[in-house]
Amino acid sequence: MDWAGWALFGLVATAALTAAMITAQLAGLTRLDFALVLGTLVTEDPDRARIAGFFLHLCAGQGFALGYAVTFALLHRATWWIGALLGILHVGIALTVILPLLPGVHPRMASERAGPASTAVLEPPGLFALNYGIPTPAVAAVVHIIYGVCLGLLLQGD
């Protein structure tokens, strides 16, 4: 496995995912802001949270890229379509397991069961992150497929 390639390509794929997600936010397709959600784990100030969250998202992207790279190595091939399939698996787990569990551990996110006394500043994502807009699951799927396709294309020479 090419460790330098993984490190560089993980950043490229994460940048592509982030750019696509920001574009979808600016187009009004979703209110899901990965940087804000991650950053508010460590600070309550929204501006600082977006900066911290951006770097946390880059780190998470590197970790997931390592998982993709290991999978490609185990399969002895990397292709755009295997990357796309891994992206679908990735987003499926994120939308059905990780995001719905997040209110239980996130200090600034309300839960579905929190009453009006809650001081949380972030709404819970809900199943498939639908609380951030009806198109959110489709947007999340597209950006994660972009991530997987990028990694599949960039790592196919290794």
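What you see is a predicted model; the values in this text were computed from it and never measured.

Turning next to the layout of surface pockets. Volume-wise, the largest pocket comes out at about 440 Å³. Along its surface, the largest pocket is lined by 20 residues, and Phe-34, Leu-38, His-57, Phe-64 and Ala-94 are the ones closest to its centre. Secondary structure elements with two or more residues in the lining of the largest pocket: α1 (3-26), α2 (34-39), α3 (46-75), α4 (80-101) and α5 (136-155). The greatest single-element share of the lining of the largest pocket, amounting to six residues, is contributed by α4. Looking at side-chain class alone, the lining of the largest pocket contains 15 nonpolar, five polar and no charged residues.

A few words now on the nonpolar core. In this structure, Phe-72, Tyr-147, Leu-151 and Leu-155 are the most contacted members of the largest nonpolar core, which totals 33 residues. Within the residue set of this core, elements represented by two or more residues are α1, α2, α3, α4 and α5. If one sorts the elements of this core by residue count, α5 sits on top with seven residues. In contact with Phe-72, other than residues within four places in its own chain, are Arg-77, Ala-78, Thr-79, Ile-82, Gly-83, Leu-86, Leu-151, Gly-152 and Leu-155.

Attention now moves to the pattern of salt bridges. This model, assessed by the stated rule, comprises two salt bridges. For Glu-123, the salt bridge identified is with Arg-31, shortest N-O distance 2.4 Å. One end of the pair, Glu-123, is in the loop between α4 and α5; the other, Arg-31, is in the loop between α1 and α2, with 92 residues separating them in the sequence. The exposure class of Glu-123 is partly exposed, given its relative accessible area of 32%. Arg-50 is paired through a salt bridge with Asp-33; the nearest N and O atoms lie 3.0 Å apart.

Moving on: the packing of aromatic side chains. The description of an aromatic ring pair rests on the distance of the ring centres and on the angle between the ring planes. Summed over the entire model, instances satisfying the criterion amount to two aromatic pairs. Taking the centre distance of 5.1 Å and the plane angle of 90° together, the rings of Tyr-68 and Tyr-147 count as edge-to-face. Placement of the pair is Tyr-68 in helix α3 and Tyr-147 in helix α5, with a sequence separation of 79 residues. Under the relative-accessibility criterion, Tyr-68 is labelled buried at 4%.

Scoring rules and cut-offs
- Residues numbered from 1 in each chain as written.
- Predicted model: local features only at pLDDT ≥ 70, side-chain atom pairs only at ≥ 80, totals over all residues.
- Heavy atoms only, no water.
- 1 Å grid on protein atoms, 1.4 Å probe; cavity = no way out; pocket = protein on both sides within 12 Å on 5 of 7 lines; lining within 4 Å.
- Points joined across faces, edges and corners; volume = space filled by probe spheres on them.
- Helix = DSSP H or I, 4+ residues; strand = E, 2+ residues; numbered from the N terminus.
- Nonpolar A, V, L, I, M, F, W, Y, C, P; charged D, E, K, R; others polar.
- Core = buried A, V, L, I, M, F, W, Y, C linked by side-chain atoms within 4.5 Å.
- Buried < 20%, exposed > 50% of the residue type's maximum accessible area, 1.4 Å probe, protein only.
- Contact = heavy atoms within 4.5 Å.
- Salt bridge = Lys/Arg side-chain N within 4 Å of Asp/Glu carboxyl O.
- Phe/Tyr/Trp six-rings, centres within 6.5 Å; stacked < 30°, edge-to-face > 60°.

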